[in-house]
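Next come the chains, spelled out residue by residue.
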Amino acid sequence: MAKRKAMIAGNWKMHTTVVDGCQLAVDVAKFCTGFEDREVLIAPPFTILSEVSHVVKETEILIGSQNVCWEEKGAFTGEISPAMVKDAGGTVAIVGHSERRQIFAESDDLVNRRLKGGLASGLLMIFCIGETLKERDDGRAFAVLADQLRKGLHGISPKSMEKVVVAYEPVWAIGTGKTATKEQAQETHAFIRGFLEEIYEKNVAEQTRILYGGSVKPDNVDALMSQADIDGALVGGAALDAESFGRIINFTL
Ligand code: PEP
């Protein structure tokens, strides 16, 4: 099997204006030096997608949106369409982030529609899943993840899976400073890969990249990335600091 290319993705959430977002992109680009084994993505707020993509145009950095609608246009107040993401220079979209699920009550069905819409337009899709602390403490983490995978990937063909990256983000580790241990993360990633094999086939499971997200920092990235089933990181807080994100991008095994 060809080695899966690593991906380090920075989710800027609802941070940065035009001026500081463009500066952050310029600073991050200094840490990207002709990688062959990894991709770097930044997902700025919708309002500066276009400016930031312009700034990184000559670099290897990919631009993604933090969410995407399933329709190309229409009466969908507050949404952004796949066509708009592409028009702004984006090639990637994140869906199913736990903040969308928890704060904005996005259901598995809605996430599935977003995922299908983005795929239909040719975007590379980062599909987030993750259990809460209570679910983990109750011993239900794998059941919850299986349910999110089954519902979120409903109707998505094995071929389309080439454009899907799964991000495992335990809700209890996002923005809390608590990271899953490398063993916990590896065990969960192996479970996710096994489940993909069950609902698709071995090839799909082996080719699908699974990112870990949840307080990834310069001092834990190397250990996490050294795990067999961890193919990258989705980074929140540390992606807002160019030095930290630069170190994460330059993880070593
Ligand atoms: C995230 O928002 O996807 C995330 C993982 O955030 P943080 O790195 O801050 O925990």
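Residues numbered from 1 in each chain as written. Predicted model: local features only at pLDDT ≥ 70, side-chain atom pairs only at ≥ 80, totals over all residues. Heavy atoms only, no water.

Undergrad: Could you give an account of the packing of aromatic side chains, naming the residues involved and the relevant values?
TA: Per the stated rule, a full pass over the model turns up four aromatic pairs. Where F142 meets F191, the ring centres are 4.3 Å apart and the plane angle is 10 degrees; that geometry is what we call stacked. On the criterion of sequence distance, the pair formed by F142 in helix α7 (residues 141-152) and F191 in helix α8 (residues 182-199) is long-range, its members being 49 residues apart. Centre to centre, the rings of F191 and F195 are 6.1 Å apart; their planes meet at 25 degrees, and the pair counts as stacked. Taken together, the residues span about one helical turn, with F191 and F195 both in helix α8 at a distance of four residues. Here F195 falls in the buried class, since its relative accessible area comes to 4%. Following the ring pairs from residue to residue traces out a cluster consisting of F142, F191 and F195. One residue, R38, lies across the ring of F35, its end atom 5.1 Å from the ring centre. For R113, the ring lying beneath its charged end belongs to W70, and the centroid distance is 4.3 Å. (Phe/Tyr/Trp six-rings, centres within 6.5 Å; stacked < 30°, edge-to-face > 60°. Helix = DSSP H or I, 4+ residues; strand = E, 2+ residues; numbered from the N terminus. Buried < 20%, exposed > 50% of the residue type's maximum accessible area, 1.4 Å probe, protein only. Lys NZ or Arg CZ within 6 Å of the ring centre and 35° of its normal.)

Undergrad: Give me the lowdown on the pairing of strand β1 (residues 6-11), citing residues and values where you can.
TA: In terms of residue burial, β1 counts as a mostly covered element, since six of its six residues are buried. The alternating pattern of β1 places A6, I8 and G10 and M7, A9 and N11 on opposite faces, both of which are buried. In terms of strand pairing, β1 meets strand β2 (residues 38-43) through six bridges, oriented parallel. Paired with M7 across the bridge in β2 is E39. Considered for its hand, the β-α-β crossover made up of β1, helix α1 (residues 18-29) and β2 is right-handed. (Pairing = 2+ DSSP bridges. Right-handed = clockwise from strand over helix to strand, strands pointing away.)

Undergrad: Lay out the nonpolar core with the relevant residues and their values.
TA: Counting residues in each nonpolar core, the largest one holds 65 residues, and the members touching the most others are I42, F127, L149, L153, Y212, V235 and F245. If near-sequence neighbours (up to four positions away) are discounted, F245 is found in contact with I8, A9, G10, V28, V40, L41, I42, V235, A238 and A239. By size, the runner-up hydrophobic cluster in this structure holds 13 residues, among which are A43, L124, I126 and C128. (Core = buried A, V, L, I, M, F, W, Y, C linked by side-chain atoms within 4.5 Å. Contact = heavy atoms within 4.5 Å.)

Undergrad: Describe in detail the sheet that holds strand β4 (residues 92-95), supporting the description with residues and values.
TA: Sheet strands pair via backbone hydrogen bonds, and the direction of the pair is either parallel or antiparallel. Spatially, eight strands are ordered β1-β2-β3-β4-β5-β6-β7-β8 in a closed barrel, and the strand pairing comes out parallel. Geometrically, the sheet is characterised by an average inter-axis angle of 25 degrees between neighbouring strands, direction not taken into account. In this structure, β1 lies alongside strand β8 (residues 232-235), joined through four bridges in parallel fashion. Paired with A9 across the strands is L234, a residue of β8. (Axes fitted to C-alpha atoms, helices over the stretch in contact; angles between N-to-C directions.)

Undergrad: Any details on helix α11 (residues 242-249)? Residues and values, ideally.
TA: The buried fraction of α11 amounts to six of the eight residues, a majority that puts the element mostly inside the structure. Taken together, the buried positions of α11 are occupied by A242, S244, F245, G246, I248 and I249. Packed against the buried residues of α11 are β1, α1, β2, α10 (221-225) and β8.

Undergrad: How would you summarise the environment of G122 if you had to cite specific residues and measurements?
TA: Mapped onto the elements, G122 comes out in the loop between α5 (108-120) and β5 (124-129). Here the alpha-carbon distance between G122 and W12, two residues 110 residues apart in the chain, equals 23 Å.

Undergrad: Could you give an account of the site of the ligand, with specific residues and numbers?
TA: Taken together, 14 residues are adjacent to the ligand, and K13, E169, G175, S215 and G237 come closest. G175 is positioned with one of its backbone polar atoms (N or O) 2.7 Å from an oxygen atom of the ligand. Taking 290 Å² as the accessible area of the ligand by itself, protein coverage stands at 98%. (Near = heavy atom within 4 Å. Polar contact = N/O pair within 3.5 Å; in protein donor to acceptor, adjacent residues only side chain to side chain. Areas by Shrake-Rupley, 256 points an atom, 1.4 Å probe, with all protein chains shown as cover.)

Undergrad: Requested: an account of unusual backbone geometry, with residues and values cited.
TA: Even without a glycine there, the phi angle at A105 is positive, about 55 degrees. By the secondary structure assignment, A105 is in the loop between α4 (98-103) and α5. Given a relative accessible area of 62%, A105 falls into the exposed group. Phi angles above zero are rare outside glycine, and S215 is one such case at about 55 degrees. When you line up the elements, S215 lands in the loop between β7 (210-213) and α10. A relative accessible area of 9% means that S215 is categorised as buried.

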